[in-house]
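# Observations on the model geometry
Now for the letters of each chain:
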Amino acid sequence: MFVHVYPYVGPEAVRRHALSSPRGAPVTSLQDVAHWLGLHPEALSEGATYVVDVAGRLLLAPRRSEHVACAGGAEVLAAGELRFGRRGAGFFVAELSNLSTGYCPDVSCWDAVAWASRGLGVLLPQGFTAAMCFRRCVACAEVNLVKEGWFVCVFCEADLPATWNVSLRRRVELGAS
């Protein structure tokens, strides 16, 4: 499966500050999820920050963490927020988004999230429960979060492109190593 790699596009000052913060914890099993939630029980009510790194691993950090810190400053295959729920002795993902103003990933990053979550033993929704639509204005170069299908730049009122264009991106194949 081919997925896109997203570079960090947020403020440089945020990236520099974030590099002094702890990197996200990789979770590859139900035991990892349970251990991480044991250290961060607030994630059941507040949610968590996540990224999928370029190796295809899901990394989790506390909700108020910057995505670029969670990723250790690196490029990602997906980024957003999630909230776990508890069902019996197990867990499920109750909410999941691609909301990351540092990486502004396209909704197509869902494929990387699903791939990174395989084998976790955690039920996922069928797609993002809140899908964000990011576009870069071709007139003023500002990044916009498109709301309610209104493809107009909030900075200069120019029309926004119909397709994702926030940064240059390359494609990689998951599991190709």
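Residues numbered from 1 in each chain as written. Predicted model: local features only at pLDDT ≥ 70, side-chain atom pairs only at ≥ 80, totals over all residues. Heavy atoms only, no water.

## Some remarks on the layout of surface pockets
Rules: Buriedness for pockets is judged along seven lines, at least five of which must meet protein on both sides within 12 Å for an open set on the 1 Å grid over protein atoms alone, while cavities are sets there where a 1.4 Å probe fits but cannot get out, and lining residues have an atom within 4 Å of a point. Grid points are joined across faces, edges and corners, and a volume is the space filled by probe spheres set on the points. All residues other than Ala, Val, Leu, Ile, Met, Phe, Trp, Tyr, Cys, Pro, Asp, Glu, Lys and Arg, Gly among them, are scored as polar; the first ten of these are nonpolar and the last four charged. Only runs of H or I of at least four residues qualify as helices and only runs of E of at least two qualify as strands under DSSP, and these elements are numbered from the N terminus.
Estimates place the volume of the largest pocket at around 200 Å³. Forming the walls of the largest pocket are 16 residues, and the residues nearest its centre are Glu66, His67, Ser100, Thr101 and Gly102. Taken together, the residues of the lining of the largest pocket sort by class into 5 nonpolar, 7 polar and 4 charged. Lining the second largest pocket are 15 residues, and of these Ser21, Pro22, Ser65, Glu66 and Ala69 sit closest to its centre. Among the elements of the structure, helix H1 (12–18) and strand S4 (58–62) are those that each provide at least two residues to the lining of the second largest pocket. Tallied by class, the residues present in the lining of the second largest pocket amount to 8 nonpolar, 5 polar and 2 charged.

## As for the sheet that holds strand S3 (residues 48–53)
Just so we agree on the cut-off: At least two bridges found by DSSP between two strands are what make those strands a pair. For helices, the axis comes from a line fit to the C-alpha atoms of the stretch in contact; other axes are also lines fit to C-alpha atoms, and the angle between any two N-to-C directions lies between 0 and 180 degrees. In this analysis, two residues are considered to be in contact whenever any of their non-hydrogen atoms come within 4.5 Å of each other.
Here 5 strands make up an open sheet; going across it, the order is S2-S4-S3-S5-S6 and the pairing antiparallel. Looking along the sheet, the strands with just one partner apiece sit at the ends: strand S2 (25–27) and strand S6 (90–96). Taken pair by pair, the neighbouring strands of this sheet meet at an average axis angle of 45°, ignoring direction. Of the pairings in the sheet, the one linking S2 to S4 comprises 3 bridges and is antiparallel in character. Opposite Ala25, over in S4, you have Leu60 as the bridge partner. Lying over the sheet, helix H2 (residues 30–39) contacts S2, S3, S4, strand S5 (76–87) and S6, oriented at roughly 140° with respect to S2. Strand contacts of helix H4 (residues 110–117): S3, S4, S5 and S6, with the helix running at about 90° to S3, the strand carrying the most contacts.

## Looking at empty space enclosed by the protein
Empty space among the atoms becomes apparent when a probe as large as a water molecule is rolled across them. Going through the model one piece at a time under the given rule, you end up with 1 cavity of 30 Å³ or more. In terms of lining residues, the largest cavity is bounded by Leu58, Leu82, Phe84, Val93, Leu96, Val113, Ser117, Leu120, Val122 and Leu124. For the lining of the largest cavity, the elements supplying multiple residues, two or more each, are S5, S6 and H4.

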